[in-house]
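Notes for the structure review
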Amino acid sequence: MNSLAVTLLVIMLPGIIAAVIADKLVSHDKWSSFKFGLYAFMLGVSSYALLQVITWFYNIVTYLWSCCLFNWDFSLQIHWSLLSTWTAAVSQTPSIVPLELILAIPFSFIVALIASWTINHKVFNKIARKLSISNKYGDENLYSYFLNAQGIDWVYIRDMEANLTYQGRVASYSETDTMQELVLSEVSVFSYQDSDHLYDVPSIYLIKEMGKFVIEVIPFNQLEEA
C-alpha cells in the first residue's frame, strides 16, 4: 500500500467512524462494501466541511478582534484558513495534519447524528413528496418502515398457520433476507379462529418466514375500552 493510500485511509477515519455510528442508528437494508465506502467518504467530507466552517468562523472572530485592537480599522484583510486535507489527495507528497484529524473526529459524531436524524425522519423524502418529485417513502422495506412509524405501540400479530393471535406492545424487530423477527411485551395470546384467551406472558419472541405475519395496529379507543 503506497503512501497516498495510507494518507487517504487515515484522512477518511472520521467518515468511517460516522458511517459505523449511522449504521447502528438508521433502519436500513444491509449495506454492501461499496455503499459503506461511499457513505464513509460522504460523511468524512461532511466532517471536514463542518470543521472548515468552524475554522472560517474562527477567522472572522479573529479578524473582528484585530479590528477592535486597531480602533476598528476595517482596512485590515481577513485571513481565510484552508484545511490542508483538501489538497492532500492531489498533492505529490501527501501529508496528514494531526490536528485537523483530531478535530475532525468529534465532528464525525455530530455529522453521524444529523445524518441519522435526517434519514430516520425521512426529511428528503418528505420534501420530495411535497414538491411532487417522488412518492418513495425511504430506503428500508415496508416491514421496518411500518414498525418504525410513529404511533406503533400496541398491535395484534395474526399467525394464521398456528391459529394464534398475539396482542402486545412492539419492543423490537429485525429482518433478514428470509426471516422476520419480532419481540412483544405485555403479551396476551388468543386463538385465531374464535379469539378465546389462552394465556399471558411478559414477553415473547416471534420468528417467521417473510410475509407470514399479519400485523394490525390496535386503535387507542379499543385500548381504553379494554
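Because the structure is a prediction, the values reported are computed rather than measured. (Residues numbered from 1 in each chain as written. Predicted model: local features only at pLDDT ≥ 70, side-chain atom pairs only at ≥ 80, totals over all residues. Heavy atoms only, no water.)

Further remarks concern the packing of helix α2 (residues 13-25) against helix α5 (residues 98-120). Orientation of α2 relative to α5, taken along the N-to-C sense of each, is 30°, at an axis distance of 8 Å. In terms of orientation, α2 and α5 fall into the roughly parallel class. Both α2 and α5 take part in a crossing whose hand is right-handed. Counting all contacts with α2, which are made through L13, P14, I17, A18, I21, A22 and L25, the residues of α5 involved are L101, A104, I105, S108, F109, A112, L113, S116 and N120. Within the contact of α2 with α5, the residues separate by chemical class into 13 nonpolar, 3 polar and no charged. (Axes fitted to C-alpha atoms, helices over the stretch in contact; angles between N-to-C directions. Helix = DSSP H or I, 4+ residues; strand = E, 2+ residues; numbered from the N terminus. Parallel < 35°, antiparallel > 145°, perpendicular 65-115°, else oblique. Left-handed = near helix turned anticlockwise from the far one by under 90°. Contact = heavy atoms within 4.5 Å. Nonpolar A, V, L, I, M, F, W, Y, C, P; charged D, E, K, R; others polar.)

Along the chain, L206 falls in strand β4 (residues 197-209). For L206, a relative accessible area of 8% corresponds to the buried category. Taking the C-alpha atoms as reference points, L206 and I157, separated by 49 residues in sequence, lie 9.5 Å from one another. If we ignore the near neighbours within four places in the chain, the residues touching L206 are I157, Y166, Q180, E181, L182, L184 and F213. (Buried < 20%, exposed > 50% of the residue type's maximum accessible area, 1.4 Å probe, protein only.)

Another point: unusual backbone geometry. A negative phi holds for most residues other than glycine; trans holds for most peptide bonds. In this structure, E186 takes a positive phi of about 50° despite not being glycine. Here E186 shows up in strand β3 (residues 179-191). What makes E186 partly exposed here is its relative accessible area of 43%. Look at S195: it is not a glycine, yet its phi comes out positive at around 60°. Along the polypeptide, S195 turns up in the loop between β3 and β4. Residue classification places S195 among the partly exposed residues on the basis of a relative accessible area of 48%.

As a general point, the strands of a sheet are linked pairwise by backbone hydrogen bonds and lie either parallel or antiparallel. Read from one edge to the other, the open sheet built from 5 strands follows the order β4-β3-β2-β1-β5, with strand pairing classed as antiparallel. Here the strands that pair on one side only, and so sit at the sheet edges, are β4 and β5 (214-217). On average, each strand axis in the sheet is tilted by 35° relative to the strand beside it, whichever way the strands run. Where strand β1 (residues 154-159) meets strand β2 (residues 164-175), 6 bridges bridge the pair, whose relative direction is antiparallel. Bridge assignment links Y156 to a residue of β2, and that residue is Q167. (Pairing = 2+ DSSP bridges.)

Here the focus is the nonpolar core. Soluble globular proteins tend to pack their nonpolar side chains together in the buried interior. Counting 16 residues, the largest nonpolar core has I157, Y166, L182 and L184 as its most contacted members. When contributions to this core are tallied by element, the ones reaching two or more residues are α7 (142-148), β1, β2, β3 and β4. Counting residues per element, this core draws most heavily on β3, which supplies 4 residues. When near neighbours in sequence (up to four residues on either side) are disregarded, L182 contacts Y143, L147, I157, V170, S172, Y173, I204, Y205, L206 and F213. (Core = buried A, V, L, I, M, F, W, Y, C linked by side-chain atoms within 4.5 Å.)

Once β1 ends, the chain turns through 4 residues before running back antiparallel as β2, passing N163 with a positive phi of about 55°. Sheet analysis places β2 next to β3, joined by 10 bridges and oriented antiparallel. Within β3, the residue paired with S172 across the bridge is V183.

If pLDDT is low for a region, its predicted coordinates should not be looked at in detail. Here the chain averages 82 in pLDDT, while 84% of its residues score no lower than 70. Looking at the elements of the chain, mean pLDDT is at its lowest for helix α8 (residues 220-225), recorded as 64, and at its highest for β4, recorded as 91. (pLDDT = per-residue confidence, 0-100.)

For V61, the position within the fold is in helix α3 (residues 33-69). The spacing of V61 and I78 is 17 residues in sequence and 9.9 Å in space, taken between C-alpha atoms.

Here we come to the side chain of K208. Looking at the secondary structure, you find K208 in strand β4. Using a relative accessible area of 17% as the deciding quantity, one classes K208 as buried. Here D159 takes part through its side chain, which lies 3.3 Å from a polar atom of the side chain of K208. When neighbours within four sequence positions are excluded, K208 is seen to be in contact with D159, E161, T178, M179, Q180 and F213. (Polar contact = N/O pair within 3.5 Å; in protein donor to acceptor, adjacent residues only side chain to side chain.)

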